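# Commentary on secondary and tertiary structure
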Amino acid sequence: MLALTMGEPAGIGAEIAVKAWHALRASGPEFLLIDDADRLTGAPIQRITHPAEARFAEALPVLHRPLPTPATPGKPSTATAPAVLAAIREAVALARSGAVTGIVTNPIQKSVLTAAGFAHPGHTEFLGELAGTGVPPVMMLACPELRVVPVTVHEPLARAIARLTPDLIVEHARITHDALVRDFGIAAPRLAVAGLNPHAGEAGTLGHEDDAIVAPAVARLKALGIAATGPWPPDTMFTAQARPRYDAAICLYHDQALIPIKTLDMAGGVNVTLGLSIIRTSPDHGTALDIAGQGIAGAESLIAAIRLAAQLADHRRNRR
C-alpha cells in the first residue's frame, strides 16, 4: 500500500487520483489518498483512519483531512497551503513507520506555497528535510526508455553552469549509482555523463568546461569502481542507438535532462527522488490549473508513478 498526497487542491490532483483508482483497482498497485474526502467525486470513497483498514478493490481509501476553505478549480489559495504540506508530512511519516511502502506526491503549486512562507524550492528539498539520509536528495526522471538525473535543477542557466564542479557531478552520480542498485535492482549500473558544450567541447575548441570539469569527474567515478563514461556529446547521447549503452544519464542542467525524456514519453515520465530513506515518486507534470475541474486531465503519469513506486519498494524490500 502506497500513500498518495493531495497536491495543489485547485489543480488536477483529486481528478487524476480517482482516475488512477479506476485504472488500478482490479490489479493494483494499491494506494490510499490523503485528502479532503468531501471534495472527491467519481468513485466510491472509503474513509479510513489507518492504512490497514483499506479495501482498495471496493473503494478509494481516503485519510480524510478537511481543507480549511473549499478549493476552487484553477484558482489556488494560500489558505490551503498548510493542508498541502501536512499531507506530505503525514505521507512521509507513514512511510517511515512502515505503515505504507512508499509515497507518491501529486503536483504542488510552488508559487502558492512560497507566498504562504514555504522555505524550500520544491518537493525534493522538502522531502530531503523530512526523510533525508545524510546525502542531498537527487531528482531523477524515469520512463521505460530513459532515466535522467540533472546535476543542477531549478536555477537560471548561467548560475547552473557557474555552480558545476567535479565534486557536484561525482556526488550526484554516486547517489544515482547507489539508488540504481538498491531500488532499481541493477547490479552494475552504467552511467553516461553528458558534456556541457556542443560536441562535448570538441577537444577544447568549443569550450574548456568538458575537459576541466566533466572529464575529471568521470575519471574519479571510474576510480571509485563506478562504470561511468563521458563526457558524451549531448546532441547524440539520447538517440535510440545510444540509450541502450547506459542505465542512467547524468545531465548538467535542467533542460538537458528534461527535454529528451519529455519528448520520448511525456505521459509516462515519472519523477523519482533518490537518496531518501523512503520511496518517493511523482507524476512528471504540474498542477494543470488551466484544465482543472474540467474532467479532461490524463492520469497516465500518475499511474506510471504509482506503478514505479511499487516496483522500487519491492526491490528495496528484497535487498534487506
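Residues numbered from 1 in each chain as written. Predicted model: local features only at pLDDT ≥ 70, side-chain atom pairs only at ≥ 80, totals over all residues. Heavy atoms only, no water.

## Focus on the overall build of the chain
As a reminder, the rule being used: Strands are runs of DSSP state E lasting at least 2 residues, helices are runs of H or I lasting at least 4, and numbering of each runs from the N terminus. Values of the radius of gyration come from C-alpha atoms, whereas the globule rule sets the reference at 2.2 Å times the count of residues to the power 0.38. For each residue, the accessible area found with a 1.4 Å probe, counting protein chains only, is set against the maximum for its type, and the residue is called buried under 20%, exposed over 50%, and partly exposed in between. The contact criterion used is simple: two residues touch if any of their non-hydrogen atoms lie within 4.5 Å. Shrake-Rupley sampling with a 1.4 Å probe provides the accessible areas, and residues are treated as covered by the protein chains on show and by no other component.
Looking only at helices and strands, the chain has 9 helices and 12 strands in total. Relative to its length of 320 residues, the chain is compact, with a C-alpha radius of gyration of 20 Å against a globular reference of 20 Å. Structurally, the chain occupies a C-alpha span of about 60 × 40 × 35 Å along its principal axes. Relative to its full complement of 320 residues, the chain shows a buried share of 53%. For the chain, contacts bridging at least 24 residues in sequence account for 73% of all contacts bridging at least 6. As presented, the chain carries roughly 13400 Å² of accessible surface, and 53% of it is formed by carbon and sulfur atoms.

## Remarks on the pairing of strand β4 (residues 60-64)
To keep it simple, the criterion reads: Two strands are counted as paired when DSSP detects at least two bridges linking them.
Buried residues dominate β4, accounting for 4 of its 5 residues. Sheet topology places strand β2 (residues 31-35) next to β4; 3 bridges connect them, and they run parallel. Opposite Asp 35, over in β4, you have His 64 as the bridge partner. Examined bridge by bridge, strand β3 (residues 45-48) and β4 share 4 bridges and lie parallel to one another. Bridge pairing in β4 links Ile 48 to Leu 63.

## A look at the side chain of Thr 80
Topologically, Thr 80 is positioned in the loop between β4 and α2 (81-97). What Thr 80 contacts, discounting residues up to four positions off in sequence, is Glu 8, Pro 9, Leu 67, Pro 68 and Thr 69.

## Some remarks on the pattern of salt bridges
Counted only if it meets this: Counted as salt bridges are all cases of a side-chain nitrogen of Lys or Arg within 4 Å of a carboxyl oxygen of Asp or Glu.
The full count for this structure, using the stated rule, is 13 salt bridges. Arg 47 is the partner of Asp 38 in a salt bridge, and the nearest nitrogen-oxygen pair spans 2.3 Å.

## Digging into the pairing of strand β12 (residues 280-283)
Alternating residues of β12 divide into Arg 280 and Ser 282 and Thr 281 and Pro 283, and every residue in both groups is buried. Looking at chain direction, strand β5 (residues 102-104) and β12 are connected through 2 bridges and run parallel. Directly across from Ile 103, in β12, lies its bridge partner Arg 280.

## Here's the deal with helix α9 (residues 300-318)
Two residues of an α-helix separated by three or four positions point the same way, owing to the 3.6 residues in each turn. Stated precisely, the cut-off is as follows: A helix is expected to reach a length of 1.5 Å times the quantity of its residues less one.
In a regular helix each residue adds 1.5 Å, so 19 residues correspond to 27 Å; α9 covers 27 Å between its end C-alpha atoms and thus fits that length. Ser 301, Leu 302, Ile 303, Ala 305, Ile 306, Leu 308, Ala 309, Ala 310, Leu 312, Ala 313 and Arg 316 are the residues of α9 that are buried.

## Remarks on the environment of Arg 317
Looking at the element boundaries, Arg 317 is found in helix α9. Along the primary structure Arg 317 and Thr 101 are separated by 216 residues, whereas in three dimensions their C-alpha atoms are 9.0 Å apart.

## Quick look at the side chain of His 120
Our working rule: The term polar contact refers here to a pair of N or O atoms within 3.5 Å; inside protein, the definition further demands a hydrogen-donor-capable atom paired with an acceptor-capable atom, and it admits residues adjacent in sequence only when both atoms are side-chain atoms.
Turning to its location among the elements, His 120 is positioned in the loop between α3 (110-115) and α4 (123-131). Within polar-contact distance, the side chain of His 120 engages the side chain of Glu 129 at 3.2 Å. Apart from the residues lying within four places of it in its own chain, the contact partners of His 120 are Glu 125, Phe 126 and Glu 129.

## Some words on the environment of Pro 166
Inspection of the secondary structure assignment puts Pro 166 in helix α6 (residues 166-182). Residues Pro 166 and Ala 212, spaced 46 residues apart in sequence, show a C-alpha to C-alpha distance of 8.5 Å. Once residues lying within four places of it in the same chain are set aside, the contact partners of Pro 166 are Ala 212, Ile 213, Pro 216, Ala 217 and Arg 220.

## Overview of the state of the cysteines
To be explicit about the condition: The disulfide criterion is simple: two cysteine sulfur atoms within 2.5 Å.
All told, the structure shown has 0 disulfides when counted by the stated rule. The thiol of Cys 143 is unpaired, and the distance to the nearest cysteine sulfur, on Cys 251, comes to 12 Å. Relative accessible area serves as the criterion here: at 10%, Cys 143 is assigned to the buried category.

## Side note on the nonpolar core
Where we set the bar: Buried residues of nine kinds, namely Ala, Val, Leu, Ile, Met, Phe, Trp, Tyr and Cys, make up a nonpolar core once their side-chain atoms join them within 4.5 Å.
With 63 residues, the main nonpolar core has Phe 31, Met 140 and Leu 274 as its most contacted residues. Tallying contributions element by element places α9 first for this core, with 9 residues. If we skip the residues at most four places from it in the chain, Phe 31 touches Met 1, Leu 2, Leu 4, Ala 17, Ala 20, Trp 21, Leu 24, Phe 56, Leu 60, Pro 61 and Ile 306.

## Side note on the packing of α2 against α4
For clarity, the cut-off: Axis definition: a line fitted to C-alpha atoms, limited for helices to the stretch in contact. Angles are taken between N-to-C directions and run from 0 to 180 degrees. Angle categories: roughly parallel below 35 degrees, roughly antiparallel above 145, roughly perpendicular from 65 to 115, and oblique for all the rest. In this scheme, a crossing is called left-handed if the near helix is turned counterclockwise away from the far one by less than a right angle; it is called right-handed if the turn is clockwise. For this classification, the nonpolar set comprises Ala, Val, Leu, Ile, Met, Phe, Trp, Tyr, Cys and Pro, the charged set comprises Asp, Glu, Lys and Arg, and every other residue, Gly included, is treated as polar.
Remark: α2 packs on α4, axes separated minimally by 11 Å, with the N-to-C direction vectors making an angle of 45°. Overall, the two elements α2 and α4 adopt an arrangement that is oblique. When you trace α2 past α4, the crossing you get is right-handed. Side by side, α2 and α4 meet where Leu 85, Ile 88, Arg 89, Val 92 and Arg 96 of the first sit next to His 123, Phe 126, Leu 127, Leu 130 and Ala 131 of the second. Taken together, the residues of the contact of α2 with α4 sort by class into 7 nonpolar, 1 polar and 2 charged.

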